[in-house]
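# Summary of the model geometry
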Amino acid sequence: MSHPYNDPDQMLKMSEHPDGLSPEEMRVVGKRVPRLDAMKLVLGKPAYTDDFTPPGVLHGKILHSPHAHARIKRIDVSKARALPGVRAVLTWQDITPVRFTTAGQSHPLPSPLDTLVLDSKVRFVGDRVAAVAADTPEIAEQALVLIEVEYELLPPIIEIEDALKPDAPIIHDEKDCTGFKGVFQPRRNLAAHFSAEAGDLEKGYAEAYRVFEGEYRVPQVQHVALEPHVCLTWLDEDNRLVIRSSTQVPFHVRRILAPVLNIPDKRIRVIKPRIGGGFGGKQEIVIEDICAYLTLITNRPVRMEYSREEEFIAARSRHPQILHFKTGVRRDGTISAMTLSLFATTGAYGGHSLTVQGNTGSKALALYRCPNLRFEMDVVYTNRPPAGAMRGYGAPQGLFALEVHMDEIAAELGMDPVEFRRKNWVQVGDVFALAEALGEGRKGFPNPLRSTGLAECVAEGTRRIGWERRCDPNWHIVPGKPHVRRGLGMAALIHGSGIPGIDMGGAYLKMNDDASFNLMFGATDLGTGADTVLAQIAAEVLGCRAEDVIVYAADTDLTPFDKGAYASSTTFVSGGAVKKAAEKVAVMIKNVASRMLETPPETLRLEDGCVISTNGESVTLREVALESLHVVDQHQIQAAESHMSLMYAPPFAVQFAEVEVDTQTGEVRVKRLVFGIDCGQPINPDGVEGQIDGGMSMSLGYGLSEEMLFSEDGRLLNGNLRDYHVFRSDEMPAIERFIVPARDPSGPFGAKAAAEIPTDGVAPAIINAIYDATGVRLRQIPATPERVWSALKEKG
Amino acid sequence: MDILLIINGEERQVAVQVGETLLEALRRLGYVGVKHGCEDGSCGVCAVLLDGQVIHACILLAVQAEGHAITTIEGIGTYDQPHPLQTSFVKTGAVQCGYCTPAMILTAKALLDENPHPTEAEVREALSGVLCRCTGYFKPVEAILRLAQGGG
Amino acid sequence: MGWSLKGYYRPRTEWQALRLIRRFEPHAAALAGGTRLVAERNPTINILVDLSALKLDYIEIRRRRVYIGALTRLQSIARHPQLKALAGGLLAQAAQSNAPLPIRNLATLGGTLAVSEATSELALALLVLEAQVVLRTSDRSVVSLADFLARREEYLFAPGLIIETRVTLPQAGSGVALADVRLTQGDRPIVNAAALVYRKGNILQSARLAVGGVTPVPIRLPELETRLAGDYLEEATLERVSLEIESSLNPPSDRRTSAEYRRAMAGITVARALRQAWERAKKE
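In short, a report on the structure. (Residues numbered from 1 in each chain as written. Chains lettered and ligands numbered in written order. Predicted model: local features only at pLDDT ≥ 70, side-chain atom pairs only at ≥ 80, totals over all residues.)

## Remarks on the overall build of chain B
Each helix and strand in chain B was counted, giving five helices and five strands. Taken from N to C terminus, the helices and strands of chain B fall in the order β-β-α-β-β-β-α-α-α-α. In terms of overall size, chain B behaves like a compact globule, its C-alpha atoms giving a radius of gyration of 15 Å where 152 residues would be expected to give roughly 15 Å. Along the first, second and third principal axes, the C-alpha set of chain B runs to 45 × 30 × 25 Å. Expressed as a percentage of its 152 residues, the buried residues of chain B come to 64%. In chain B, of all internal contacts separated by at least 6 residues, the share reaching a separation of at least 24 is 61%. (Helix = DSSP H or I, 4+ residues; strand = E, 2+ residues; numbered from the N terminus. Rg over C-alpha atoms; globule rule 2.2 N^0.38 Å. Buried ≥ 20, exposed ≤ 12 C-beta atoms within 10 Å, placed from the backbone. Contact = placed C-beta atoms within 7 Å.)

## Quick look at unusual backbone geometry
Residues other than glycine predominantly adopt negative phi, and peptide bonds predominantly adopt the trans conformation. Residue and element names in this part refer to chain C. The step from Glu25 to Pro26 runs through a cis peptide bond, and the omega angle for that step is 0 degrees. In this fold, Pro26 is placed in the loop between helix H1 (14-24) and strand S2 (28-31). Omega for the bond connecting Ala158 with Pro159 falls within 30 degrees of zero, at 5 degrees, which places this linkage in the cis form. The phi dihedral of Arg63 is positive, around 55 degrees, even though this residue is not glycine. Looking at the element boundaries, Arg63 is found in the loop between strand S4 (59-62) and strand S5 (65-69). C-beta crowding within 10 Å serves as the criterion here: with 7 such atoms nearby, Arg63 is assigned to the exposed category.

## With respect to helix H8 (residues 121-128) of chain C
Residue and element names in this part refer to chain C. When you tally the buried positions in H8, you get eight out of eight residues, the bulk of the element. Among the residues making up H8, those that are buried are Glu121, Leu122, Ala123, Leu124, Ala125, Leu126, Leu127 and Val128. Glu130 lies just past H8 and shows a positive phi near 55 degrees.

## Some points on the packing of helix H3 (residues 101-114) of chain B against helix H4 (residues 120-127) of chain B
Residues and elements named next belong to chain B. The interhelical angle for the contact between H3 and H4, taken along N-to-C directions, is 130 degrees, at an axis separation of 9 Å. It follows from the interaxial angle that H3 and H4 lie oblique. The way H3 lies across H4 gives a crossing that is right-handed. Across the interface between the two elements, Met104, Thr107 and Leu111 of H3 pack against Val123, Ala126 and Leu127 of H4. Split by residue class, the contact of H3 with H4 holds five nonpolar, one polar and no charged. (Axes fitted to C-alpha atoms, helices over the stretch in contact; angles between N-to-C directions. Parallel < 35°, antiparallel > 145°, perpendicular 65-115°, else oblique. Left-handed = near helix turned anticlockwise from the far one by under 90°. Nonpolar A, V, L, I, M, F, W, Y, C, P; charged D, E, K, R; others polar.)

Rendered as structure tokens:
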């Protein structure tokens with residue numbers, strides 16, 4: 001008996017336990033299993049990319065452009081090349097020009113192919129001008145200084161609005177950039193232009209009792225993973241290029257780089273070791289291409305590591321957007337029509353431009369029931385550092401605007417913000433009207449919603465935060481501090497569990513003599529705990545402990561394909577592959593045990609390292625292993641499986657915030673955060689809580705302190721960790737988190753995602769709480785003291 | 001120049017460049033538990049103990065550390081005998097990507113060595129020199145307090 | 001990432017230190033804690049003169065006079081039991097706020113004053129305590145901190161070294177306070193202020209006020225202090241103080257914070273520091 005690939009009926013049985021256990025009876029899934037890799041990390045063992053450097057390694061450095069927009073008229077590297085210890089200097093003249101996208105995504109690539117390894121034009125302050133490989137980092141830095149460049153300056157476009165002006169300079173005027181027809185319009189500086197509609201908007205707005213409009217702005221922000229981008233490349237003894245990199249997408253890196261480097265995929269191996277944080281910034285080819293080029297030219301191993309300044313100016317960031325909502329509401333408080341018009345910039349290069357903004361639409365418009373929807377997006381090029389994937393992938397932007405907008409409508413209607421949402425949020429059975437149109441660059445799969453715990457999350461959350469205090473005018477005043485006001489705010493949230501019909505992952509599982517198992521998958525743990533979660537899924541099926549599963553992951557030679565760590569897909573998709581593989585292995589184990597015990601396989605279950613029959617007899621897994629490997633009918637108990645789901649199983653959540661606002665200074669302090677998540681069955685509650693904790697603190701920064709600030713000529717003004725403020729341990733609010741497990745039939749053991757949804761809610765909840773505290777509604781984040789102060793002054 | 005560094009109780013004669021930071025020297029010597037996250041002492045993942053006090057190794061020159069006792073994460077525990085803080089971090093689920101974990105543990109060790117029963121505010125103040133983007137600091141603080149309150 | 005340095009010296013006397021700096025100028029720099037110097041890795045500096053052997057790491061308190069050596073670490077000040085208790089703990093609190101723990105364990109008082117960030121809490125606190133700075137150029141001299149901050153570059157590039165900071169702790173009955181406005185609780189201040197108040201009943205005998213974040217270095221507000229002396233302190237007085245400061249200052253604008261906001265916040269923080277210092281003076 002085996003699972004056929006991609007049978008929709010089988011997809012809906014993913015939640016079932018092969019031995020029929022109920023969630024409460026499960027032994028490993030749902031338990032706080034300590035991370036399998038934690039010991040080596042607390043001991044400081046070598047585990048990250050830069051912890052192993054081969055002897056003779058060269059150090060690579062990049063010369064970054066000081067100008068936001070310029071052509072390289074002349075570049076002279078002779079002095080740099082002549083410096084002792086310099087082994088290679090590359091300029092655009094040394095590169096075979098192949099336009100690619102640095103965005104790590106599946107085929108066909110939905111991002112424009114607009115990037116060269118080295119180009120004769122620079123398009124943002126920080127863009128690549130040249131690259132050096134030298135014996136030491138110091139020599140490499142000295143070589144950079146010796147490179148002489150003559151630029152022809154071009155007028156830069158820094159503000160989003162300037163990109164579409166008729167006389168705006170064209171940032172991608174090269175003849176060989178390509179993208180999706182109709183979507184990619186470089187001569188208008190449009191990296192992505194798209195719209196989709198469902199139902200009948202005219203009718204929808206006509207039905208409305210009132211129509212509400214609002215425009216909201218979100219900033220360009222940074223991942224600030226503590227480990228910078230870092231990469232090591234070398235040619236092995238078979239002349240294959242090996243890339244060891246802190247990457248979230250090893251398989252995409254291999255496939256995308258092959259034509260760029262002009263070597264076939266099969267001559268490239270990509271290995272991902274431990275990653276010190278990624279958050280989407282490493283779903284990207286940031287330095288692997290240039291590092292590999294230097295290895296190919298010098299025949300030596302090359303190491304490249306970004307400085308923190310380079311992280312700020314030459315890595316990736318979250319797309320800033322201007323979002324315009326127009327919503328029609330009927331007399332009974334239900335939504336009759338909704339339009340989201342989105343204007344964003346992707347910076348100088350278009351990676352993720354279609355898909356991030358598309359995801360803004362497919363999340364923001366999917367939370368509330370509405371048959372009449374319109375979504376339109378324009379993503380322009382500007383001469384800013386490029387934006388890309390960042391945790392949430394369009395949802396933090398969209399849910400910020402949506403949840404402030406919904407709150408505004410509730411206030412206008414005189415309704416409680418929770419009640420207005422309750423009237424409108426999606427229910428089991430609902431189909432998202434734009435599901436087909438918004439499929440991440442291709443046709444999507446409209447499947448009905450099968451599980452939601454949003455109502456329970458909200459009920460529990462309102463209780464925990466003390467939502468009724470909103471109605472008490474006395475509570476809003478703080479005794480002893482007459483200038484301070486308190487407020488409560490909330491945001492309802494939806495996200496995704498992978499992208500239906502696109503995301504796929506595979507798993508190999510084999511059994512060893514001692515009844516330990518080797519589990520290999522392409523899925524990419526970037527500190528998310530994926531390795532442990534996937535081992536738990538396997539162990540649950542196999543009746544063993546998670547520690548008996550030895551994980552090896554994310555090596556393009558040794559593990560099967562996985563699209564990588566993004567779209568909150570690892571538990572839902574890669575976990576499905578692991579579960580299927582484990583179930584196959586369980587069947588093989590039972591077959592062997594059946595012969596040993598002389599009892600039919602249907603009477604057997606796996607438990608506690610044993611195979612147990614209904615009549616009480618048992619053999620240990622170890623005995624089965626030895627029997628199968630050595631004694632009779634010898635074979636390797638093993639399985640190879642993959643999983644892709646067409647099902648729609650979004651997680652839901654609710655975020656509550658309690659704030660204090662100093663009305664004289666505009667300072668906003670968050671006192672409490674309450675987060676309730678429906679992630680289906682939590683595979684590891686510690687892991688889910690960890691994702692919530694980190695996501696909330698990232699969203700705190702989004703709402704209050706983080707913003708990339710640019711000069712008029714495109715220089716980043718706050719490109720360091722003192723001037724770009726990430727929240728620290730001594731300024732965190734008190735938090736509570738809880739899980740409402742509304743299990744989905746299509747998730748492994750009922751699991752849905754948890755990784756990104758926690759970044760979506762704090763920012764809108766804070767804005768809504770500021771409103772509750774002061775009567776002032778900002779439509780822009782971060783809500784800096786000056787912005788709040790200005791708004792308060794304006795209100796009078 | 002040649003200097004004497006005392007690392008985890010071991011004396012090592014090391015050739016360093018004048019401008020080489022302690023972070024660069026330590027990683028070069030194999031102490032890769034000391035991490036690089038920035039170059040100006042603003043992220044904290046390079047934390048080591050200098051005479052028992054937590055400092056940023058990226059803004060201390062190796063020559064300035066001569067003669068002082070340097071403690072890195074490698075010096076406080078092993079697989080066979082992990083430091084109670086290391087065990088507490090693992091048990092509490094306080095390790096995600098792990099990149100800032102050695103810095104947090106060393107910071108906590110310095111705190112507990114001097115103040116075995118800190119308040120939560122004192123723990124948070126001590127940790128404010130380490131940036132973390134994964135945990136929001138919640139479980140690390142819990143791991144430290146659990147140990148401090150459990151009388152470890 | 002690396003810093004190309006050619007020489008590193010650790011002299012034992014002030015005279016030797018100055019001689020080395022003079023010999024290699026403008027490429028030599030005095031190294032105290034190094035938290036700023038090493039972070040910046042200025043490429044024109046290639047000689048470091050490490051001051052750590054000069055035996056300037058001390059805190060001495062004799063009666064009401066405090067003497068802090070220039071190489072005293074900020075953390076020593078922050079934890080000093082007497083400094084935590086005296087003068088409302090102002091100096092200890094200011095040292096604690098000035099930087100996070102790992103920086104405080106290296107950064108020195110001398111280095112902090114030499115750098116003198118616009119919002120340095122320590123500079124603010126020392127200004128209202130009317131601290132003096134002992135300098136060594138060719139010989140030792142004593143200048144007021146206010147004078148030092150205003151002519152800092154002139155003094156240090158002579159070349160000169162900060163040797164010691166001296167403070168007379170205020171009399172019993174005084175009240176001190178710090179106030180600030182910050183982006184978040186844990187970020188550096190945008191604007192901040194310090195106040196020291198002597199009162200008799202409801203009369204403000206004298207106030208010393210300092211504000212940071214509106215000028216390149218923190219400054220005292222002498223005209224305002226003069227006008228306040230001998231006044232009743234009521235709500236109206238505080239409002240007047242706010243408005244006066246707002247209208248008299250000319251802070252810069254930058255991409256994040258406007259001059260208008262800084263002015264308004266200067267008024268508010270000085271008024272708040274003044275009010276709090278006043279209330280504390282009552283308790284003592």
